[in-house]
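Working through the structure, step by step
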Amino acid sequence: MTTPADPGVLDQIREKLDLLRRLDAEQGFGVVIGDPVPLEPLPDLPGVAETYRLFDRLEGDNFRFVAPEAIRSAAAWADRPVDPDDPMGSPLPVGYELHSVPPKLRGDVPGGAPIYLDVSDLEIYWMDPDDYVFQYEHPDEDVEFTVLAPDIATFVNERVLGPGYPELVATVIGPAVPDRRLSSGRHAGEYADNWRRLLVAAGLSS
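Worth saying up front: this structure is predicted, and the values here are computed from it rather than measured.

Quick notes on the rules
- Residues numbered from 1 in each chain as written.
- Predicted model: local features only at pLDDT ≥ 70, side-chain atom pairs only at ≥ 80, totals over all residues.
- Heavy atoms only, no water.
- Helix = DSSP H or I, 4+ residues; strand = E, 2+ residues; numbered from the N terminus.
- Rg over C-alpha atoms; globule rule 2.2 N^0.38 Å.
- Buried < 20%, exposed > 50% of the residue type's maximum accessible area, 1.4 Å probe, protein only.
- Contact = heavy atoms within 4.5 Å.
- Areas by Shrake-Rupley, 256 points an atom, 1.4 Å probe, with all protein chains shown as cover.
- Lys, Arg positive; Asp, Glu negative; His and termini not counted.
- Charge placed at Lys NZ, Arg CZ, Asp CG, Glu CD.
- Pairing = 2+ DSSP bridges.
- Axes fitted to C-alpha atoms, helices over the stretch in contact; angles between N-to-C directions.
- Parallel < 35°, antiparallel > 145°, perpendicular 65-115°, else oblique.
- Left-handed = near helix turned anticlockwise from the far one by under 90°.
- Nonpolar A, V, L, I, M, F, W, Y, C, P; charged D, E, K, R; others polar.
- Salt bridge = Lys/Arg side-chain N within 4 Å of Asp/Glu carboxyl O.
- Phe/Tyr/Trp six-rings, centres within 6.5 Å; stacked < 30°, edge-to-face > 60°.
- Lys NZ or Arg CZ within 6 Å of the ring centre and 35° of its normal.

With that out of the way, let us pick up the overall build of the chain. Looking only at helices and strands, one finds seven helices and seven strands in the chain. In the chain, the succession of α and β elements from N to C terminus is α-β-α-β-β-α-β-β-β-α-β-α-α-α. Against the compact-globule benchmark of 17 Å for 206 residues, the chain has a radius of gyration of 17 Å, which places it among compact chains. Split into buried and exposed, the 206 residues of the chain put 48% on the buried side. Pairs at least 24 apart in sequence give 58% of the contacts found in the chain among residues at least 6 apart. Total accessible area computed for the chain in this model is approximately 10,300 Å², and 51% of it derives from carbon and sulfur atoms. For the chain, the separation between the mean place of its 17 positive charges and that of its 37 negative charges on side chains is 12 Å.

So this is what it looks like as structure tokens:
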């Protein structure tokens, strides 16, 4: 199991969130950047609650990141459902893509396909839902998945709030999606993804 999140990385996340909150308040990008929440560290998941207590929700056009219910307390972690037949070891969804969910339905569902945290080694990875189903049906077969970061703090700092964000979009949603531009309106010519526009304005991504 990995060690607790580097305090320096957590400080970077905190500083980035403060900057993004200010920019969104000033310019109205239409994203959601939630406030800090009181989450207690969990010995089995070093660095996870420490990262998620810096925000209760991050959401733009393409993704929603909310702390899993299972990490909100020690009791919740102890009571979390574990599927003994899950070939991936009952990973925790740490976020969801929203690209496939119609805007009018986003208030009713957590999201589309999840991004997972491996509860054994704490890596963050993406796996196509069809491959997940295939793995259930063929547990002895190898399936493809993409490791996005070695831990949740690195993932948030580099992939959600940093230069790795366009690659995250390309990996999870599709290679043509990151560079889509708006053709009309006051943001014509800018990226269609409001989260990427915010990161660009903050100088955190290109």
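Side-chain positions along a regular strand alternate between the two faces of the sheet. Burial of the side chains of strand 5 (residues 114-117) extends over both faces: Pro114 and Tyr116 are buried on one face and Ile115 and Leu117 on the other. Summarising the sheet, strand 4 (residues 92-97) and strand 5 pair through four bridges and their orientation is antiparallel. Bridge pairing links Pro93 to Tyr116 in strand 5. Pairing of strand 5 with strand 6 (residues 124-126) involves three bridges; the strand directions are antiparallel. Bridged to Ile115 within strand 6 is Trp126. Linking strand 5 to strand 6, which pair antiparallel, is a turn of six residues; within it Leu122 sits at a positive phi near 70 degrees.

Counted residue by residue, helix 7 (residues 194-202) has seven buried out of nine residues, so it is predominantly covered. The secondary structure elements touched by the buried residues of helix 7 are helix 1 (7-27), strand 1 (32-33), strand 2 (58-59), helix 5 (152-160) and helix 6 (165-172).

For any two helices packed against each other, one specifies the crossing angle of their axes together with the interaxial distance. One can describe the packing of helix 1 onto helix 5 by two numbers: an axis separation of 10 Å at closest approach and a directional angle of 40 degrees. Our classification of the angle between helix 1 and helix 5 gives oblique. The handedness of the crossing between helix 1 and helix 5 comes out as left-handed. Two secondary-structure elements touch here, helix 1 through Val9, Leu10, Gln12, Ile13 and Lys16 and helix 5 through Ala153, Thr154, Val156 and Asn157. Per-class residue counts for the contact of helix 1 with helix 5 are five nonpolar, three polar and one charged.

Another point: the environment of Thr171. With respect to the helices and strands, Thr171 occurs in helix 6. For Thr171 and Val66, which are 105 residues apart along the polypeptide, the C-alpha to C-alpha distance reads 20 Å. Once you skip the residues sitting within four places of it in the chain, Thr171 turns out to touch Trp126, Thr146 and Leu148.

Okay, the side chain of Arg106 next. Within the fold, Arg106 resides in the loop between strand 4 and strand 5. No salt bridge is formed by the buried Arg106; the nearest opposite charge belongs to Asp61, separated by 4.8 Å.

Attention now goes to the packing of aromatic side chains. All told, the structure shown has eight aromatic pairs when counted by the stated rule. Ring geometry for Phe65 and Phe155: centres 5.7 Å apart, planes at 70 degrees, overall edge-to-face. Of the two residues, Phe65 sits in strand 3 (residues 63-65) while Phe155 sits in helix 5, which places them 90 residues apart along the sequence. Put simply, the rings of Tyr116, Tyr125, Tyr132, Tyr136 and Phe145 touch in pairs and so form one group of aromatic residues. Just above the ring of Tyr191 sits the side chain of Arg196; from NZ or CZ to the centre is 3.8 Å.

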